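Inside the fold
Listed below are the residues making up each chain.
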Amino acid sequence: MPLDPAFIGRSYPPSQPYDVSREKIREFAEAIGATSPAYRDAEAAKALGHRDVIAPPTFAIVVSMKTNETVMFDPEIELDYSRVVHGDQNFTHHRPITAGDQLVCVAHIDSITSRMGNDMVVVRTEISTVGGEPVTTAKSMLVVRGEDA
């Protein structure tokens, strides 16, 4: 059954704060092979004008994933997660994610479209500090494969 476009524009409550630590940043940088000293060494990051180590740009997925799950498992939407394929991901950074940040996410359903029996859901997640400073806008497109796909 196609997803109901009436859910376009739905927003979800802010997530619990995510505490960004040097260790989480280091682990992520290691996992993706990112070698910049600014991801591991506070002095190197400070020399570049940051207050502490910064996260690789794609670290935002770690912060936003739980919020995206809120959308995917919203019982009202009736999205069959067993049929979901991640179609696209992009980030617009307003500033680097930095060790010591406490970040919250707010998810929004920006669009639901159907093509060739598949539904595409675009989820925009606004990541900000607990004080309200914008940090990153993450957009994910989820493809929900149709019954015949």
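Just so it is clear, the model here is predicted, and its values are computed rather than measured.

What counts as what
Residues numbered from 1 in each chain as written. Predicted model: local features only at pLDDT ≥ 70, side-chain atom pairs only at ≥ 80, totals over all residues. Heavy atoms only, no water. Core = buried A, V, L, I, M, F, W, Y, C linked by side-chain atoms within 4.5 Å. Buried < 20%, exposed > 50% of the residue type's maximum accessible area, 1.4 Å probe, protein only. Helix = DSSP H or I, 4+ residues; strand = E, 2+ residues; numbered from the N terminus. Contact = heavy atoms within 4.5 Å. UniProt positions renumbered as here; feature names shortened; annotations may be inferred. Salt bridge = Lys/Arg side-chain N within 4 Å of Asp/Glu carboxyl O. Polar contact = N/O pair within 3.5 Å; in protein donor to acceptor, adjacent residues only side chain to side chain. Pairing = 2+ DSSP bridges. Expected span 1.5 Å × (residues − 1). Bend = angle between axes of the 7 residues up to and from the residue.

Our focus in this paragraph is the nonpolar core. Counting residues in hydrophobic clusters, the biggest one holds 21 residues, and the most contacted among them are Ile25, Phe59, Ile97, Leu103 and Ile127. Mapped by element, the contributors of at least two residues to this core are helix H1 (22-32), helix H2 (42-47), helix H3 (60-72) and strand E3 (102-115). Residue contributions to this core peak at three residues, all from H1. What isoleucine 25 contacts, discounting residues up to four positions off in sequence, is Val20, Tyr39, Val53, Ile54, Ala55, Pro56, Phe59, Thr98 and Ala99. In this structure, Phe7, Val71, Met72 and Val144 belong to the second largest nonpolar core, which totals 15 residues.

Mapped onto this numbering, the UniProt entry annotates "domain: FAS1-like dehydratase" (unreviewed entry) at residues 6-137. Along residues 6-137, the helical share is 23% and the strand share 32%, with 23 Å between the first and last C-alpha atoms.

Moving on, we get to the pattern of salt bridges. The tally for this structure, following the rule as stated, stands at 12 salt bridges. Ionic pairing is found between arginine 26 and glutamate 23, a salt bridge with its closest N-O pair at 2.4 Å. Taken together, the positions of arginine 26 and glutamate 23, both in helix H1 and three residues apart, correspond to about one turn of that helix. Three or more residues are tied together by salt bridges with common partners; here these are Arg51, Arg95, Asp101 and Glu133.

Turning to its location among the elements, threonine 136 is positioned in strand E5 (residues 134-144). Here threonine 136 falls in the buried class, since its relative accessible area comes to 0%. A polar side-chain atom of threonine 136 sits 3.0 Å from a polar atom in the side chain of histidine 93. Other than its neighbours up to four places away in sequence, threonine 136 contacts Ala60, Phe91, Thr92, His93, His94, Arg95, Ile97, Thr125, Glu126 and Ile127.

Attention now moves to the pairing of E5. E5 sits mainly inside the fold: eight of its 11 residues count as buried. As paired strands, strand E2 (residues 84-93) and E5 are joined by nine bridges and run antiparallel to one another. Opposite asparagine 90, over in E5, you have lysine 139 as the bridge partner. Both strand E4 (residues 118-129) and E5 contribute to a ladder of 10 bridges, which runs antiparallel. Bridge pairing links valine 123 to serine 140 in E5. With antiparallel pairing between neighbouring strands as the criterion, E4 and E5 make up a hairpin whose turn holds four residues, including glycine 132 at a positive phi of roughly 95°.

In this model, H3 (13 residues) spans 18 Å end to end at C-alpha, consistent with the 18 Å of a helix rising 1.5 Å per residue. Of all the bends found along H3, the most pronounced is centred on lysine 66 and spans about 35°. Listing the buried residues of H3 in full gives Ala60, Val63, Ser64, Thr67, Asn68, Val71 and Met72. Packing partners of the buried residues in H3 comprise strand E1 (18-19), E2, E3, E4 and E5.

Ordered in space as E1-E3-E4-E5-E2, the five strands form an open sheet in which the pairing is antiparallel. A single partner strand is all that each edge strand has here, and the edge strands are E1 and E2. Where E3 lies against E4, 12 bridges are found, and the strand directions are antiparallel. By the bridge assignment, serine 111 is partnered in E4 with valine 122.

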